[in-house]
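Descriptive analysis of the structure
Take a look at the letters that make up each chain.
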Amino acid sequence: MSAPLLEVSDLHVRFGDNEAVKGLDFTLHRNETLALVGESGSGKSATALALLRLIEREGGTITRGRIRLFDEKPHDLTRLSDRQMQAIRGRLVSMVFQEPMTALNPTMTVGRQLTEVLERHASLTRRELRRQAVAALERVQVPRAAERLGQYPHELSGGQRQRVMIAMALATGPRLLIADEPSTALDVTTQAEILALLRRLQAETEMGVLFITHDLGVVAEMADRVLVLKAGRQIESAPARALFTAPQAPYTRRLLDAAPRLGGGSPTPPATSPLLEVSDLVTAYPGRRAHPFAARQPVRAVDGVSLQIGRGETLGLVGESGCGKSSLARSILRLAPIQSGSIRLEGRDVSQLHGRHLLPMRRAAQMIFQDPFASLNPRLPAWKLVTEPALIHGLVSERERRDLAVTLLSEVTLDSAHLDRYPHQFSGGQRQRLCIARALSVRPRLIIADEPVSALDVSIARQVTELLQDIQQRHGLSLLFITHDMAVVERISHRLAVMLGGRIVETGPTAEVLTSPQHDYTRKLIDAVPHTEIPRRVSTAVSPPERYAGAWV
Amino acid sequence: MLSFLSMRLVKLVVTLFVVITLVFFATRLSGNAIDFIAGEGLDAQSRSELIAYYGLREDILTQYWRYLRGIVEGEFGLSFTERRPVTQVFWERVGPTLQLIGGAILLTLVVAVPAGIFAAVRRRDASAQGVMTLAFLGYATPNFVLATLLLLVFSYWLQILPSAGNDTWAHYLMPVTALSLTYIAALIRYTRNATLDVLGQDYLRTARAKGLSEREVVTRHVLRNTLITVLSVFGLMVTALVSSGAVVIESIFSWRGIGDLLVRAAIRRDYPVLQFGVLAVAVAVVTINTLIDIAYAWVDPRVRLGARLT
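On a predicted model such as this, the values are computed, not experimentally measured, just so you know.

Some thoughts on the environment of B:T287
All names here are of chain B.
- With respect to the element layout, T287 can be found in helix 12 (residues 271–299).
- Residue classification places T287 among the partly exposed residues on the basis of a relative accessible area of 39%.
- The spacing of T287 and L12 is 275 residues in sequence and 8.7 Å in space, taken between C-alpha atoms.

Now the structure itself:
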């Protein structure tokens, strides 16, 4: 093992009265990747910000401990002045953040944001700045790098933006890279590319990487060593291989169990009559005009989709962002403009209904949205929130509302003592339970869940998924479960449909689609799922077919 | 850009037509012009000749039609009270008003934007809270009260500033200050709020992680993003200033501008002057809005011209 690069001892970080990090010790070497793993609130991001001493700007303070960075001579980062820290940030230690859209300045060109960091740490001529900026983009495999310099972040795709972020962080050749959930906001296929890119760049530069994530699948792909955090404390620290093969702490085992992975088996489809039949559905949004008097060119988000969901059946709909899966969900509920095609719910065509004729259909089909916080009115208490649809549909009187709310909350395993709480007083998982309870309040036949767990921590996501599955079976509901993550749908879907560019490219029983995918894109999605069984980084490379071979026999 | 401008032009023409029509009929509903022109004791013969001279004998629709045709030909009529073409009367008054309003706009921008950003960045310091207290006081003070106060102190007691007219730069100090006060106070508050929003953004953390100093973070990353929000409010302020803002201040400081002219015209039922005044203000407002939209697209690369039109 080479000389240490970063040595953290007894680190304590505090936000007001809340101690976010309670005594962390770790060492990171050159060319080594240490993963900090934990769920939200575990103190992993606070640790990252403390290392760069950016924590003070966010209202936190380092109350105790030492952070030593070894360059030619060691620096104790906790003792440096603002000015000295500024000379270290971006030069010796760089950081890549989770959400590339918000982490890049929307009003500054990519080129300007790149040259800014070069300019800050070296005096270069304009020509040299430009040359280095292009080189930095080329190194992260951004095509047509020179053209990109003049573009703004919103003109790039999510994956490209994260590449720009990485190019910015690595432009000055730092010794240490802190990557805070760098692939979490990306599609699975893009995530796989970004992770591979980071591995390659590390091999080239021998930098140390502190990789922060909640996703054990990603840890398996990236880390040499792992530090598991819970509520600001170190739970377990071990080489990646040892952690995955023989986890010591019970909490680590729980995390490993909760991690979504492929190969867990899926339920067999029930043989039933169809509840929902969609055929040749086209949904188009008005696009831009070529000139003021031109007709708008419609943008087809859903481009001729046909699908069926049987009574009591769960259909998993998979595809990456922008493929039209949310538009499809909204179209089925008549919340998006349908251009042609038919939607039959319980045998009745609902695609032509308008106004109050839609009411019976909306009672039969309910939706659960991705962001539970945004889809709950912050000014209403829980009991009103969950019973509102029932009230609108005249299923409950104002006097019976509270009683119904008690039943609904118990249905989603929430304590009825929380009836009078407001959304902000619930946790993320609890909020999503409220949304499920709200959907159940009208006793629907079909529930459409649009990425219901992708905003949640893994263990919570697992609980919510299981709750949905449980409710689906108990009530014999049909469920359309939309996600970008193959591993999540596997456990709960009877059948799978894979969507790409507004069309469904493959559909079939879940196990069949996963074991023998017919379409290239399906194979790509399956391959992109990080897997926790065999850490790729510490084992010899295993080719995909072998990896899954054991799972379904 | 071109299609954006042509769209705007179409809108302008429609807006002007509606404005002209409304003003034409509204002015005629509110009183008789001849009583003011003629004064008391005029004999019936002369009175009837006057009515004919100003074209007020025909029925109202014919008058309206004649007026529309005049506009197309660039003929806006004679002022009843001054007996000269309204364009001539107007032209003499445009300069002083533009200077007054321009001064106020400039002062507002120069004072309010830096003060607002300062108040947000140093929000925990006493100095920033002092700025906000002043802004609050300024917002609560009507401009005619401030104008009177300024006159009392600087013209009457100290006798260092002229109280009326617009001959030298010294004449501008009090009217411009009095006119800007409310706008400065309001814009400080908007700028502060906009800056606070920007200060919470993730990209500032990125900027700091690059090693930029706080000063660089504010000047390079905060300023422009703040301006995006401030600009739309600022646009509303400029329109308000142009359409009505200067009337009171012009009367107080005997400023021979458009505001003063329009108030007199309204009192005397000088239809042609009123009509042309409203027309001019409408053109100015649409032009300013267009300029603000262009500025908006320039500051915020995510905005495409024309996207906000529809």
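Further notes follow.
Things to note about the pairing of strand 17 (residues 446–450) of chain A
Residues and elements named next belong to chain A.
- Counted residue by residue, strand 17 has five buried out of five residues, so it is predominantly covered.
- Side-chain alternation along strand 17 places L446, I448 and D450 on one buried face and I447 and A449 on a second face that is also buried.
- Relative to strand 17, strand 16 (residues 365–368) is paired through four bridges, and the arrangement is parallel. Its bridge partner lying in strand 17, A365 is registered against L446.
- Bridge count between strand 17 and strand 18 (residues 478–483): five bridges; the pairing is parallel. Of the residues in strand 18, the one forming a bridge with L446 is S478.
- The β-α-β motif built from strand 17, the intervening helix 17 (residues 458–475) and the parallel element strand 18 has right-handed crossover chirality.

Observations regarding the packing of helix 7 (residues 158–170) of chain A against helix 8 (residues 188–205) of chain A
All names here are of chain A.
- At a closest axis distance of 10 Å, the pairing of helix 7 and helix 8 adopts a crossing angle of 15 degrees. The angle between helix 7 and helix 8 places the two elements in the roughly parallel class. When the axes of helix 7 and helix 8 are compared, the crossing they make is right-handed. Note on element contacts: helix 8 touches helix 7 through T190, E193, I194, L197, L198 and L201, opposite G159, Q162, R163, I166 and L170.

Some remarks on the sheet that holds strand 15 (residues 348–349) of chain A
Residues and elements named next belong to chain A.
- As summarised here, the arrangement of the four strands in space is 12-11-14-15, forming an open sheet in which the pairing is antiparallel. Each edge of the open sheet is held by one strand with a lone partner, namely strand 12 (299–310) and strand 15.
- Inspection of the sheet shows strand 11 (residues 274–285) paired to strand 14 (residues 338–345) by six bridges, in the antiparallel sense. Bridge pairing in strand 14 links E277 to R344.
- Across the sheet, helix 12 (residues 325–332) touches strand 11, strand 12 and strand 14, and the angle it forms with strand 11 is around 115 degrees.

Here we look at the sheet that holds strand 16 of chain A
All names here are of chain A.
- What the six strands build is an open sheet, ordered 16-17-18-13-19-20; its pairing is mixed. Each of the sheet's edge strands pairs with one partner strand only, and the pair in question is strand 16 and strand 20 (503–509). Neighbour to neighbour, the strand axes of the sheet diverge by 15 degrees on average, direction disregarded.
- The pairing of strand 13 (residues 314–318) with strand 19 (residues 495–500) spans four bridges and is parallel. Bridged to G316 within strand 19 is L496.
- The strands that helix 17 touches are strand 13, strand 16, strand 17 and strand 18; relative to strand 18, the one it contacts most, it runs at about 160 degrees.

A word on the domain arrangement of chain A
Residue and element names in this part refer to chain A.
- Domains assigned within chain A are domain 1 (4–99 + 176–257) and domain 2 (274–530).
- Between domain 1 and domain 2, the C-alpha centre-to-centre distance is 36 Å.
- Contacts between the two partners involve 13 residues from domain 1 and, on the opposite side, eleven residues from domain 2.
- Taking both sides of the interface into account, the surface hidden between domain 1 and domain 2 amounts to around 1200 Å²; carbon and sulfur atoms contribute 53%.
- Summed over the three residues of domain 1 that lose the most area to domain 2, namely D187, V188 and T189, the buried surface amounts to 45% of that side.
- On the surface where domain 1 and domain 2 come into contact, there are two residue pairs in polar contact (both at pLDDT 80 or more).
- Of all the elements in the fold, those that place two or more residues in the side of domain 1 that touches domain 2 are helix 8, helix 9 (216–222) and helix 11 (250–258).

Here we look at the packing of aromatic side chains
- Scanning all chains against the criterion turns up seven aromatic pairs over all chains.
- Between B:F25 and B:Y64, the ring centres sit 5.0 Å apart and the planes meet at 45 degrees, which makes this aromatic pair tilted. Of this pair, B:F25 sits in helix 1 (residues 2–29) while B:Y64 sits in helix 4 (residues 60–72), and the two are 39 residues apart along the sequence.
- Take B:Y64: its relative accessible area is 11%, and that puts it in the buried class.
- On the basis of an interplanar angle of 65 degrees and a centroid distance of 4.8 Å, the ring pair of B:F76 and B:F276 is categorised as edge-to-face. Placement of the pair is B:F76 in the loop between helix 4 and helix 5 (86–121) and B:F276 in helix 12, with a sequence separation of 200 residues. Of the two residues examined, B:F76 and B:F276, each falls in the buried class.
- Here the guanidinium or amino end of A:R402 rests over the ring plane of A:W383, the centre of that ring lying 5.3 Å away.
- Over the ring of A:F426 we find A:R421; its NZ or CZ atom is 5.9 Å from the centre of that ring.

What counts as what
Residues numbered from 1 in each chain as written. Chains lettered and ligands numbered in written order. Predicted model: local features only at pLDDT ≥ 70, side-chain atom pairs only at ≥ 80, totals over all residues. Heavy atoms only, no water. Helix = DSSP H or I, 4+ residues; strand = E, 2+ residues; numbered from the N terminus. Buried < 20%, exposed > 50% of the residue type's maximum accessible area, 1.4 Å probe, protein only. Pairing = 2+ DSSP bridges. Right-handed = clockwise from strand over helix to strand, strands pointing away. Axes fitted to C-alpha atoms, helices over the stretch in contact; angles between N-to-C directions. Parallel < 35°, antiparallel > 145°, perpendicular 65-115°, else oblique. Left-handed = near helix turned anticlockwise from the far one by under 90°. Contact = heavy atoms within 4.5 Å. Domains from an automatic or database assignment. Buried area = accessible area lost by both parts, 1.4 Å probe. Polar contact = N/O pair within 3.5 Å; in protein donor to acceptor, adjacent residues only side chain to side chain. Phe/Tyr/Trp six-rings, centres within 6.5 Å; stacked < 30°, edge-to-face > 60°. Lys NZ or Arg CZ within 6 Å of the ring centre and 35° of its normal.

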